[in-house]
Every structure is written in C-alpha cells, then in structure tokens.
Amino acid sequence: MRGLGHLARLINHSDTMSKLSRRSFLAASAALAAAPALGAVPASGDVDVVIVGAGAAGIAAARRVAAAGRRFALIEAADRIGGRCITDTRSFGVPFDRGAHWIHAPEINPVAKLAAQTGHEVYPAPRGQKLRIGQRNARESELEAFLAALFRSNRAIAEAALGKTDMAAARALPKDLGDWQPAVEFVLGPYTCAQELTAISARDFARAAERGSDAFCRQGYGALLAKLAENIPVQLNTPAISVEWLNRLEVETPKGKLRARTVIVTVSTGVLATGKIKFVPELPKRQLDAIGKLKLGSYDHIALELPGNPLDLAHDDLVFEKSVTARTAALLANIAGTNICTVDVAGRFGRDLAAQGEPAMAAFAAEWLADLFGANVKSAIKRTTVTRWNDEPWALGAFSAAAPGGETARKALGEPIRDRLWLAGEAVHETLWGTVGGAFESGTRAA
Ligand SMILES: Cc1cc2nc3c(=O)[nH]c(=O)nc-3n(C[C@H](O)[C@H](O)[C@H](O)COP(=O)(O)OP(=O)(O)OC[C@H]3O[C@@H](n4cnc5c(N)ncnc54)[C@H](O)[C@@H]3O)c2cc1C
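Keep in mind that what you see is a predicted model, and the values were worked out from it rather than measured.

Caption draft 1: How the structure looks around helix H11 (residues 347–355). The set of residues buried in H11 consists of Gly 347, Phe 349, Gly 350, Leu 353 and Ala 354. Projection of H11 onto a plane perpendicular to its axis shows the buried side chains occupying an angular sector of 130 degrees, all on one side. Residues of H11 that are exposed and point more than 90 degrees away from the buried face comprise Arg 348 and Ala 355. Residues of H11 that are buried in the fold lie against helix H6 (181–193), strand E14 (299–305), strand E17 (340–346) and helix H12 (358–373). Gly 357 occupies a position one or two residues after H11 and carries a positive phi of about 100 degrees.

Printed below as a string of structure tokens:
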C-alpha cells in the first residue's frame, strides 16, 4: 500500500476518532481526455517535448502534450510502461499489482477520475482494518487503544512540524505509547512512508494530504494506468543516457539524439541519484541537494495464493499485528475477491529481507502468517511471487520520503530549470508524494 491516507482511513474508522481535522487536498488538475495519437515520433530528430519515463508522471505529461497538439517523444528505458504502477496477470492468472494498488482519495485522484472512460471497475476499499494479537483478533477496546495511539502520534508529528526547525518524525512521537510503540512505528513509518520515522522529516510527513477514502481497481491499478496510455506512442527499451540542457536541449539514447524545446524527466529519485542519466552540465546544486534529501524507501509485496480462504478473512481485508519488534508486515487478504493475499514488508527490515532474495521473503511470509493464524496456513500456500523494487534497475526503490531538514526538497526538485527542463514524478508533489495520483498530477503540471 501506502500513503498517509491509510492513517486517516484507519483513524476515521473509529467513531471516537472521527473528529480528526482534515486538510483539504490540492485541487486535482482538470481531467484531460486522451488526445488521438500523433503517430510514433522517431527516436531521433526534432520535437517540441521529450518526456523521459513512461510511468504515471510521464503518461500524464504525454496526454497533456498530446491534447495540446504538440509533437513529443515519450521514451521509456524498460520494455513496458507503468513504472512503479504495473499489474501482473501472469503469475496467478488474475491481476496482482506489483507496485501501487491503493487508489487514494478517488474523489480527487486524477487517475480514478479518468477510470470512467476506460471501462475499468473502481470500487471502494472496505473501511477500517483488523488487528491480530498473537493468534487472536484484537478486542474492540484494544483496537480503540491502537487507533488512539496512532491518532496521538500523528497529531504530535503535525504539531512538531509547526515548530521553528524541522526534525525527524520519530522525535515527535509521544513518550507514553507503551507496548503500542512498535506497531505505531511500523504503520506510520515503513508501512506508510517505506522508511523508519527516524529518517523522515516531520514537516514532509505532516504535509502529506490526508486521504479519507481509498478505492481499488478490479483489473489492477497498473492496468488502469496502462489503459490511459493506450493511445500514446511510447518508445520502449529507449533509456535516456544524457540530457544536454544549457545551450541546446538534446536527449541522447542508444537509438539516436532527440532535440527538443522542452524536456520533462520523470525518473525516480533513485535513478537520478545514481547518475544513470548524465546531465550536461550537471543539474543545479538546488536540485542535486533535493535529490539527496528525497531518497527512496523500501516497500515490497510477497504475494501468496491461498485457496479456500484459510485465514477466514473478507475480500480486501487489511490486517496488522500488535508487533513487538520491527520484524513485522501488513496483510491484504483475498484481493478483489481472488485467493491472492499480499504480505507487505517495508523499511529497514523489508530492505534487508528483500536483499536475501525470493525464498527468504516467501519463508518469512509463511512464518509470519503461521504465527498469526496457525501453522496450518503454511500448507495452504500454493504459488508465490515477490517484488524486489530496490533491485529494479529503472526504479531502484519504492517511493520517496524527505529526510529531516529536507522539507523544501520537493518544491526545489520541481522548479523549472531555465524554463526548459522539468523534473516530475511522485517525489516532486508536495502533498501527494509517494502516490500514483501525485505522480500523475506532477506530470500534468510540468506539461
Ligand atoms: C511496492 C509499492 C507499492 C506502492 N503502493 C502504492 C499505492 O498503493 N498507492 C499509490 O498511490 N502509490 C503507491 N506506490 C507509489 C507509486 O507506485 C509511485 O509513487 C508512482 O507509481 C510513481 O510514478 P512516477 O511516474 O513518479 O515514477 P515511475 O513509476 O518510476 O516512472 C518512471 C519511469 O521512468 C523509467 N525510466 C527510468 N530511467 C529511465 C531512463 N534513463 N530513460 C527512460 N526511462 C527511464 C522507468 O522505467 C519508469 O517507467 C507504491 C510503490 C511501490 C514500489
């Protein structure tokens, strides 16, 4: 999953917590009807706009540029579009979102708004969540205590964000969380932001728009995004190697050079940080510093086929545990009514586990489920597949969180460079960072 929307969703589930004040979302950009394809632009030559990367931001930018009737080239390094929002139908024969799955705030989410044009089904996510304490469900009073701890922690971070200087979100946590502390730290840190709260700016955290409701797409979020790109010509297997931006604008790929009046680069901050794309001259210090402050966290799905509903859960049930250490996960059960469940691991623990490879990840998921639902679960598991986003060469991580003191980094990263080079993507969105909706909106804005 992810996104602070979950917190609002969890908290709002509890009547006693329903007074949580909500900041309004940034108005979503007006939905754009996809323009007819302009015809594939060759991978070399002159265009108005070169868009680097065909994830949510790149697709949105291309739709906008196409709608304006400009010549553009959308180049993508991988052999597929979608980036970190991709639906896999091969592993299980039913949709499994390898990256983004939760459609946050469908009422303002630009991708959700466009879904009506695609024939894809978007349905509301069930509200609330379940909490396991050992092998039993939490009692109502325990759930209330957990939600109260989350609520107080969120409010404490929001208050700290108003202070004179930025600080790590972890420093703002109430000191009396008691035995709820590990679960609170997991939900607000790794599960929501893909990083520990010690590594996250309180201001960046607090600025994230609270999203009261969520939805899912039955065909997969990645499938929905891909549908929105249907009429957009994309040059696959075409990585940008260098971007020259001072005197002339030129993007070099293995297939040739593209000259443009504007370039929009939508690759992740993980890719930007590696220098895989050589900017000539180097990007301005302001943007370089911002990239350094917007590191990608770790978030992965361990997907399991569990026929016969051995966990006895409803479709799309979200389950946490009252954890005692950081070695924990979140479960999303019976996704869209299928028998696919995901065990999500994130943050430092998720990173270390993913580095050990697929067998270690699958073994952890089986053990963790057995601890919570009984040993019989293990033998019920059929096919499994895992994601390892830190090793995906064109992502190199999950999504960005600003480091303490990095509260202005997103704004800086999104500032136009000489009015001709724009960086876009989830990392530049100041309130919807880390989401597909935020990435999509940032691409539209840049375009
Ligand atoms: C496991 C996981 C779960 C998530 N869950 C959710 C969720 O539930 N809800 C939600 O809203 N968000 C979620 N997110 C975050 C969401 O997926 C991202 O915020 C969003 O997809 C980012 O879109 P983007 O366009 O900014 O970047 P990307 O999707 O990374 O797109 C960038 C594109 O650029 C390409 N590229 C890279 N280098 C080059 C190059 N040199 N030349 C050309 N192309 C290049 C990449 O291949 C990629 O296609 C999740 C992410 C992960 C990893």
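Caption draft 2: Region of interest: the nonpolar core. In terms of nonpolar packing, the biggest core is built from 45 residues, with Phe 146, Ile 157, Tyr 191 and Phe 320 touching the most fellow members. Mapped onto this core, the elements with two or more residues apiece are strand E7 (130–133), helix H4 (140–161), helix H5 (169–172), H6, helix H7 (202–207), strand E15 (317–321) and strand E16 (330–333). Of all hydrophobic cores here, the second largest spans 32 residues; its members include Ala 240, Leu 272, Ala 409 and Ala 412.

Caption draft 3: The arrangement of the site of the ligand in detail. Close to the ligand lie 40 residues; Glu 76, Arg 84, Trp 102, Ala 240 and Glu 426 are nearest. Between the ligand and Ala 57 there is a distance of 2.9 Å, counted from an oxygen atom to a backbone nitrogen or oxygen. Backbone polar atom of Trp 102 to an oxygen atom of the ligand: 2.8 Å apart, as the coordinates give it. Across the complex, the protein chains shield 99% of the 1000 Å² of accessible surface that the ligand would expose by itself. Among the secondary structure elements, those contributing two or more residues to the shell around the ligand are helix H2 (56–67), E14 and helix H15 (436–446). Considering only residue class, the shell around the ligand consists of 22 nonpolar, 13 polar and 5 charged. A domain-level breakdown of the shell around the ligand finds at least three residues from each of domain 2 (45–81 + 229–295 + 399–446) and domain 3 (298–394).

Caption draft 4: Local environment of the packing of aromatic side chains. Inspection of the entire model under this criterion finds 11 aromatic pairs. Ring geometry for Phe 92 and Phe 96: centres 6.1 Å apart, planes at 70 degrees, overall edge-to-face. Considering the side-chain rings of Tyr 191 and Tyr 299, the 6.3 Å spacing of their centres and the 45 degrees angle between planes classify their relative orientation as tilted. With Tyr 191 in helix H6 and Tyr 299 in strand E14, this residue pair connects regions lying 108 residues apart in the sequence.

Caption draft 5: Just H6, in detail. A rise of 1.5 Å per residue sets the reference length of H6, with its 13 residues, at 18 Å; its end C-alpha atoms lie 17 Å apart and thus fit the reference within 8%. The sharpest bend along H6 comes to roughly 30 degrees, located at Val 187, with the proline Pro 190 sitting one to four residues further on. Taken together, the buried positions of H6 are Pro 182, Ala 183, Val 184, Phe 186, Val 187, Leu 188, Gly 189, Pro 190, Tyr 191, Thr 192 and Cys 193.

Caption draft 6: Summary view of the sheet that holds strand E5 (residues 103–104). Strand order in the open sheet formed by 3 strands is E5-E9-E6, and the pairing between neighbours is antiparallel. The open sheet has two edge strands with one neighbour each: E5 and strand E6 (122–124). Judged from the 3 bridges that link them, E6 and strand E9 (residues 214–217) form a sheet pairing that is antiparallel. Residue pairing in the sheet places Pro 124 in a bridge with Ala 215 of E9.

Caption draft 7: Just the side chain of Ser 268, in detail. Locating Ser 268 in the fold gives a position in the loop between strand E12 (256–265) and helix H9 (269–274). The buried category is assigned to Ser 268, whose relative accessible area is 4%. Of note is the side chain of Ser 268, whose polar atom sits 3.0 Å from the backbone nitrogen of Val 271. Apart from the residues within four sequence positions on either side, Ser 268 is in contact with Arg 84, Leu 296 and Ala 395.

Caption draft 8: Spotlight on the pairing of strand E1 (residues 45–52). The element E1 is largely enclosed, with a buried count of 6 among its 8 residues. Relative to E12, E1 runs parallel, the two sharing 7 bridges. Within E12, the residue paired with Val 47 across the bridge is Ala 260. In this view, the connection linking E1 to its parallel neighbour strand E2 (residues 72–75) by way of H2 has right-handed handedness.

Caption draft 9: Examining the pattern of salt bridges more closely. Enumeration over the complete set of coordinates arrives at 23 salt bridges. One salt bridge in this structure joins Glu 244 and Arg 248, with 3.2 Å as the shortest N-O distance. A relative accessible area of 25% places Glu 244 in the partly exposed class. Between Asp 391 and Arg 388 there is a salt bridge whose closest N-O contact spans 3.2 Å. Given a relative accessible area of 27%, Arg 388 falls into the partly exposed group. Residues joined in a network through salt bridges with shared partners are Asp 46, Glu 244, Arg 248, Glu 250, Lys 257 and Arg 259.

Caption draft 10: Region of interest: unusual backbone geometry. Of the consecutive residues Val 280 and Pro 281, the connecting peptide bond is found in the cis state with omega at -5 degrees. A positive phi angle, near 45 degrees, is found at Ala 105, a position not held by glycine. Relative to the helices and strands, Ala 105 is located in the loop between E5 and helix H3 (110–115). One non-glycine residue, Asn 334, lies in the positive phi region at around 45 degrees. Within the secondary structure layout, Asn 334 lies in the loop between E16 and E17.

Caption draft 11: Quick look at the sheet that holds E16. The mixed open sheet is built from 7 strands, whose spatial order is E8-E7-E15-E16-E17-E14-E18. Lying at the two open borders of the sheet, with one neighbouring strand each, are strand E8 (136–137) and strand E18 (384–386). Judged from the 3 bridges that link them, E16 and E17 form a sheet pairing that is antiparallel. When the sheet's bridge partners are listed, Ala 330 is paired in E17 with Asp 344. Set on the sheet, H6 makes contact with E14, E15, E16 and E17; between it and E15 the angle comes to about 125 degrees. Across the sheet, H12 touches E7, E14, E15, E16, E17 and E18, and the angle it forms with E14 is around 70 degrees.

How each quantity is defined
Residues numbered from 1 in each chain as written. Predicted model: local features only at pLDDT ≥ 70, side-chain atom pairs only at ≥ 80, totals over all residues. Heavy atoms only, no water. Buried < 20%, exposed > 50% of the residue type's maximum accessible area, 1.4 Å probe, protein only. Helix = DSSP H or I, 4+ residues; strand = E, 2+ residues; numbered from the N terminus. Arc of directions from axis to C-beta. Contact = heavy atoms within 4.5 Å. Core = buried A, V, L, I, M, F, W, Y, C linked by side-chain atoms within 4.5 Å. Near = heavy atom within 4 Å. Polar contact = N/O pair within 3.5 Å; in protein donor to acceptor, adjacent residues only side chain to side chain. Areas by Shrake-Rupley, 256 points an atom, 1.4 Å probe, with all protein chains shown as cover. Nonpolar A, V, L, I, M, F, W, Y, C, P; charged D, E, K, R; others polar. Domains from an automatic or database assignment. Phe/Tyr/Trp six-rings, centres within 6.5 Å; stacked < 30°, edge-to-face > 60°. Expected span 1.5 Å × (residues − 1). Bend = angle between axes of the 7 residues up to and from the residue. Pairing = 2+ DSSP bridges. Right-handed = clockwise from strand over helix to strand, strands pointing away. Salt bridge = Lys/Arg side-chain N within 4 Å of Asp/Glu carboxyl O. Axes fitted to C-alpha atoms, helices over the stretch in contact; angles between N-to-C directions.

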